[in-house]
Amino acid sequence: MTHAPPGAIDCDIHPVLPSVKLLLPHLDEYWREHILRRGLERDSFETNAFPSTAPINARPDWTPAADTVETLRTHLLDPMAPAVAICNVIHGAQMMMSEDLSAALCRAINNWLAKEWLDRDPRLRASIVVPIHSPDLAAEEIDRMAADPRFVQVLLLSMAELPLGRRQNWPIYRAAERHGLPIGIHAGSSFRHPPSAGGWGSTYLEDYVSYAQGMAGALNSLVVEGVFHRFPGLKAVLIESGVTWLPASFWRLDKTWRGVRAEVPWLTRMPTSIIRDHVRLTTQPFDAPPHQAQLDLIMEELGSDEMLLYASDYPHWHYEGADSLPDGLSPDLIRKIAFDNPRATYPRLAVPAIA
Ligand code: ZN
């Protein structure tokens, strides 16, 4: 593993929201009273799949993970020196069965992010947290938060109630495209369905490995349902789900499309070509063997040096120290991954060009 260059754009970090109580000042009067009457402020609504305090989940030197900007500076911003880091808050707010409660908590999280994080360090940007099971309310929240240029993306989870490409979800994509915001699809589930299509597994190992299936399914759905045809300005960033599963998906999707493309007349070119134009992936966890030849093969099969975006995935434990990039990347490719590709993906990043 190797260091990311100083001034890189870090496309995936995770600030921690330890308690709903912290959201009370950021809720309107109705929802503040609603939450207090139900005692919900005593819960964290943390997603139990990846608890931020689990020793296996966060690095010992990054534990407890940052719930303040000061800790984030000590852990990440000062030692790794990114020019910009994009905050992705993974939280139960997106997964609630009550669409109204979900929307209220997502609004509060976005307000909290702006005031407690973005106002306090000019290097920070954030993704808009939205109630993903309520596309109309999600679109309203995108319209509200898009007024703040420090919000650079819309945050979704790879496994929701319906496959992401289904038309019920299109209000989200319409709003994102309208504001020039990519959709960031983070590995994760709202647990309406098991991560493996065959049913629930019984171990963390099985669960975690299955997440790549979930991301592959999300991408398949977006492409085949025609989301990128209907919203040609939309980009999707696949976050924290590895990279090496994609070439196999490419081959299978293109091959099958050739035979049955009459079924999907909106796919007027090879699915792989659509994916190369519209889809990006973050680099952590980089799930390739540590051999130069393997890395070269993966890059060749991806067929583009514009698809990968640098991410530290703070505070998850994928590597030690500041060595957050795989070995064997050429200086040109590192430059593209750390600077050029993120800038091209996120038009709202006002980062000075690196000389
Ligand atoms: Zn992540």
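Scroll up to find the structure this text is about.
As a starting point, this report considers the structure included with it. (Residues numbered from 1 in each chain as written. Predicted model: local features only at pLDDT ≥ 70, side-chain atom pairs only at ≥ 80, totals over all residues. Heavy atoms only, no water.)

## As for the overall build of the protein
To keep things clear, this is the line we draw: The numbering of helices and of strands both runs from the N terminus, where a helix is a DSSP run of H or I of at least 4 residues and a strand a run of E of at least 2. The globule rule used here is 2.2 Å times the number of residues to the 0.38 power, and the radius of gyration it is set against is calculated over C-alpha atoms. Exposure is judged per residue with a 1.4 Å probe applied to protein chains only, and the accessible area is read against the type maximum: over 50% gives exposed, under 20% gives buried, and values in between give partly exposed. For this analysis, residues touch if any pair of their heavy atoms sits within 4.5 Å. Computed with a 1.4 Å probe, the accessible areas rest on the Shrake-Rupley method; for each residue, only the protein chains presented here act as cover. Think of it this way: Lys and Arg go in the positive column, Asp and Glu in the negative one, and His and the chain ends go nowhere. Charged side chains are reduced to one point each, which is NZ for Lys, CZ for Arg, CG for Asp and CD for Glu.
Scanning the protein for helices and strands turns up eleven helices and eight strands. The globule rule puts the C-alpha radius of gyration for 355 residues at 20 Å, and the 19 Å found for the protein is close to it. Considered along the principal axes of its C-alpha atoms, the protein spans approximately 55 × 45 × 45 Å. Within the protein, the fraction of its 355 residues that count as buried is 56%. Taking the contacts inside the protein whose residues are at least 6 apart along the sequence as the reference set, 80% of them involve residues at least 24 apart. By element, 55% of the accessible surface of the protein is carried by carbon and sulfur atoms, the whole surface being about 15,100 Å². Positive and negative side-chain charges of the protein, numbering 32 and 43 respectively, have mean locations separated by a distance of 6 Å.

## Observations regarding the environment of D148
In this fold, D148 is placed in the loop between α4 (135-145) and β4 (151-159). For D148 and G39, which are 109 residues apart along the polypeptide, the C-alpha to C-alpha distance reads 31 Å. D148 has contacts with A114 and R348, leaving out every residue within four places of it along the chain.

## Some details on the packing of helix α3 (residues 99-116) against α4
When two helices pack together, their arrangement is captured by the angle between the axes and the distance separating the axes. The test is simple: A fitted line through C-alpha atoms represents every axis, and for helices the fit uses only the stretch in contact; the resulting angles, taken between N-to-C directions, go from 0 to 180 degrees. An angle below 35 degrees is treated as roughly parallel, one above 145 as roughly antiparallel, one from 65 to 115 as roughly perpendicular, and anything else as oblique. Should the near helix be turned counterclockwise from the far one by less than a right angle, the crossing is left-handed, whereas a clockwise turn marks it as right-handed. Under the grouping applied here, Gly and all other residues not named as nonpolar or charged are polar, the nonpolar ones being Ala, Val, Leu, Ile, Met, Phe, Trp, Tyr, Cys and Pro and the charged ones Asp, Glu, Lys and Arg.
Where α3 contacts α4, the axes come no closer than 10 Å and their chain directions differ by 15°. Looking at the two axes, α3 sits roughly parallel to α4. Classified by chirality, the crossing of α4 by α3 is right-handed. Taken together, the residues of α4 that come into contact with α3 (itself represented by E99, D100, A103, C106, R107, N110 and N111) are L137, E141, R144 and M145. Of the residues that constitute the contact of α3 with α4, the class distribution is four nonpolar, two polar and five charged.

## Observations regarding the nonpolar core
Counted only if it meets this: Grouping buried Ala, Val, Leu, Ile, Met, Phe, Trp, Tyr and Cys residues that are joined through side-chain atoms within 4.5 Å yields what is termed a nonpolar core.
Ranked by internal contacts, the top residues of the largest apolar core, which has 106 residues, are L124, Y173 and I183. Here the element with the most residues in this core is α3; it accounts for nine residues. If sequence neighbours within four positions are ignored, L124 has contacts with I13, V69, L72, L77, A85, C87, W117 and L118. Among the nonpolar cores identified, the runner-up in size contains ten residues, and V84, I86, V152 and L309 belong to it.

## Side note on the sheet that holds strand β3 (residues 124-129)
Just so we agree on the cut-off: The criterion for strand pairing is that DSSP finds at least two bridges linking the strands in question.
On the basis of which strands lie adjacent, the open sheet formed by eight strands has the order β1-β2-β3-β4-β5-β6-β7-β8 and parallel pairing. Two strands lie at the open edges of the sheet, namely β1 (9-13) and β8 (308-309), each paired on one side alone. As defined by bridge partners, strand β6 (residues 236-239) adjoins strand β7 (residues 279-282) across three bridges and the pair is classed as parallel. Among the inter-strand pairings, V237 is bridged to a residue of β7, identified as R280.

## Quick look at the pairing of strand β2 (residues 84-87)
Within a regular beta strand, the side chains point alternately toward one face of the sheet and then the other, so they alternate between its two faces. Burial along β2 is two-sided: V84 and I86 and A85 and C87, pointing in opposite directions, are all buried. By the bridge criterion, three bridges tie β1 to β2 in an arrangement that is parallel. Counted as the bridge partner of D10 is A85 from β2. Sheet analysis places β2 next to β3, joined by three bridges and oriented parallel. Along β3, the bridge assignment pairs C87 with A126.

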